[in-house]
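Residue strings, one per chain:
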Amino acid sequence: MGFPSEFGKGAGAGVALLALLALLPGTAQAAIGRASYVTVAGEILSIERPDSGDCIQLQNATVRFENGTSDRAYLFGDSACGAGSEIEGVDLIWNAPAGVQALSVRFAPTG
């Protein structure tokens, strides 16, 4: 016994629709994993499954950032993701040079 042919057609259309929605602009996709950071006060904080493309304000000025996500992480010296330095790839650690602090981060899919 198999499924009726109408079921197979409907399921294929549903899968195609989901794939199309995933490609549309404005559809946020979360990175896999976690990023951790250390603030100037020594707090250790983390971001779980951040949405790709969103500018995320860090809770406090950050001097160490570890990207353990599937996305690239871009660190910025202001709270609006305007200017800063970049961490690319997974499992990379950024230690701030003297006098430098990160205030926001944006994640972008690799590839």
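On a predicted model such as this, the values are computed, not experimentally measured, just so you know. (Residues numbered from 1 in each chain as written. Predicted model: local features only at pLDDT ≥ 70, side-chain atom pairs only at ≥ 80, totals over all residues. Heavy atoms only, no water.)

*Asks:* How do you make sense of the side chain of Asn 67 when you look at a structure like this?
*Replies:* In this fold, Asn 67 is placed in strand β3 (residues 55-69). Residue class for Asn 67 comes out buried when judged on its relative accessible area of 0%. At 2.9 Å, the side chain of Asn 67 and the backbone oxygen of Asp 71 are in polar contact. (Helix = DSSP H or I, 4+ residues; strand = E, 2+ residues; numbered from the N terminus. Buried < 20%, exposed > 50% of the residue type's maximum accessible area, 1.4 Å probe, protein only. Polar contact = N/O pair within 3.5 Å; in protein donor to acceptor, adjacent residues only side chain to side chain.)

*Asks:* Explain the packing of aromatic side chains to me, please; I cannot follow it from the model alone.
*Replies:* Counted by the stated rule, this structure contains two aromatic pairs. Ring geometry for Phe 65 and Phe 107: centres 6.5 Å apart, planes at 40°, overall tilted. Of the two residues, Phe 65 is situated in strand β3 and Phe 107 in strand β7 (residues 102-109); the sequence distance between them amounts to 42 residues. Neither residue differs from the other here; Phe 65 and Phe 107 are each classed as buried. Taken together through their ring pairs, the aromatic side chains of Tyr 37, Phe 65 and Phe 107 make up a single cluster. (Phe/Tyr/Trp six-rings, centres within 6.5 Å; stacked < 30°, edge-to-face > 60°.)

*Asks:* What exactly am I supposed to notice about the pattern of salt bridges here?
*Replies:* For side chains bearing opposite charge, pairing can occur when the charged atoms are close. Following the criterion strictly, the structure yields one salt bridge and no others. For Glu 48, the salt bridge is made with Arg 34, and the minimal N-O distance between the two is 3.3 Å. Taken together, the residues span a long stretch of sequence, with Glu 48 in strand β2 (residues 44-48) and Arg 34 in strand β1 (residues 33-39) at a distance of 14 residues. Glu 48 gets classed as partly exposed once you look at its relative accessible area, which sits at 48%. (Salt bridge = Lys/Arg side-chain N within 4 Å of Asp/Glu carboxyl O.)

*Asks:* Just checking my understanding: could you explain the nonpolar core for this structure?
*Replies:* Burial of nonpolar side chains together is a common tendency in soluble globular proteins. Among the nonpolar cores identified, the biggest contains 13 residues, and Tyr 37, Ile 47, Leu 58, Phe 65, Leu 75, Val 105 and Phe 107 are the most heavily contacted of them. Mapped onto this core, the elements with two or more residues apiece are β1, β2, β3, β4 (71-76) and β7. (Core = buried A, V, L, I, M, F, W, Y, C linked by side-chain atoms within 4.5 Å.)

*Asks:* Can you help me understand the pairing of β7 in this one?
*Replies:* Every other side chain in a regular strand lies on the same face of the sheet, so the side chains alternate between the two faces. Sheet analysis places β3 next to β7, joined by four bridges and oriented antiparallel. Along β7, the bridge assignment pairs Cys 55 with Arg 106. Across six bridges, β4 lies against β7 in antiparallel orientation. Within β7, the position partnered with Tyr 74 by the bridge is Arg 106. (Pairing = 2+ DSSP bridges.)

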